[in-house]
Amino acid sequence: MQLSFKSVIVGAISGIATYFVSIYTLGYTSALTMPKGFSLALWDSIVVFGLGALLIAFAIQCAALRIFRAQSFPSFAAFLVTVIVALGISGLLSTGGNAMASWVLGALFASLVANWRRSNNSCMDSSVNP
């Protein structure tokens, strides 16, 4: 399988964008008030990291794959390496596991959606006569 240089660059850029955008969104979602009697672990999973990290990673990776028509696997691999390196450089690799897991899941879902959409669009090729 030939790795596309463009796909690797797109994945790296989307990883960097996700890292910087998530800094702000994680701050905003952490500031939301948790309802009384709600489980802290569930609140962190759904609201803080779900909205603040997973949704951001999904949106950025999905948009990058769609706009630049990059291959999903090389782009996801570059995204993964980029967020690990970004957390390592910032010194948050040991404490940023929740954010990293949310970013990776969001990018993985975006890659799966991009592959699924491409497989459906390939059936509707206009050059094929019905």
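As the structure is a computational prediction, the values presented were derived from the model and not from experiment.

(A) Fine view of the nonpolar core. In terms of nonpolar packing, the biggest core is built from 17 residues, with Y19, L26, V48, F49, F79, A99 and W103 touching the most fellow members. Put simply, the parts of the chain that give this core at least two residues each are α1 (5-30), α2 (40-68), α3 (72-90) and α4 (97-122). At six residues, α2 tops the list of elements feeding residues into this core. In this structure L26 touches V48, F49, G52, A53 and A99, once residues within four positions along its chain are discounted. In terms of nonpolar packing, the next biggest core, distinct from the first, is built from five residues, V10, A64, L65 and A114 among them.

(B) Region of the structure containing the layout of surface pockets. The computed volume of the second largest pocket comes to approximately 190 Å³. As for the second largest pocket, its lining consists of 14 residues, and the residues nearest its centre are L26, L87, L92, A99 and W103. For the lining of the second largest pocket, the elements supplying multiple residues, two or more each, are α1, α2 and α4. Among the elements that line the lining of the second largest pocket, the one with the most residues is α1, at six residues.

(C) The arrangement of the packing of α1 against α2 in detail. For the pair α1 and α2, interaxial distance at closest approach is 8 Å and the crossing angle is 150°. Classified by the angle their axes make, α1 and α2 are roughly antiparallel. Of the two elements, α1 crosses α2, and the hand of that crossing is right-handed. Taking contact as the criterion, the partners of K6, V10, G11, S14, A17, T18, V21, S22, T25, L26, T29 and S30 in α1 are, on α2, V47, V48, F49, L51, G52, A53, I56, A57, I60, Q61, A64 and F68. For the contact of α1 with α2, the residue count by class is 14 nonpolar, nine polar and one charged.

Cut-off values and rules
Residues numbered from 1 in each chain as written. Predicted model: local features only at pLDDT ≥ 70, side-chain atom pairs only at ≥ 80, totals over all residues. Heavy atoms only, no water. Core = buried A, V, L, I, M, F, W, Y, C linked by side-chain atoms within 4.5 Å. Buried < 20%, exposed > 50% of the residue type's maximum accessible area, 1.4 Å probe, protein only. Helix = DSSP H or I, 4+ residues; strand = E, 2+ residues; numbered from the N terminus. Contact = heavy atoms within 4.5 Å. 1 Å grid on protein atoms, 1.4 Å probe; cavity = no way out; pocket = protein on both sides within 12 Å on 5 of 7 lines; lining within 4 Å. Points joined across faces, edges and corners; volume = space filled by probe spheres on them. Axes fitted to C-alpha atoms, helices over the stretch in contact; angles between N-to-C directions. Parallel < 35°, antiparallel > 145°, perpendicular 65-115°, else oblique. Left-handed = near helix turned anticlockwise from the far one by under 90°. Nonpolar A, V, L, I, M, F, W, Y, C, P; charged D, E, K, R; others polar.

Purely spatial values, then, with no claim about function.
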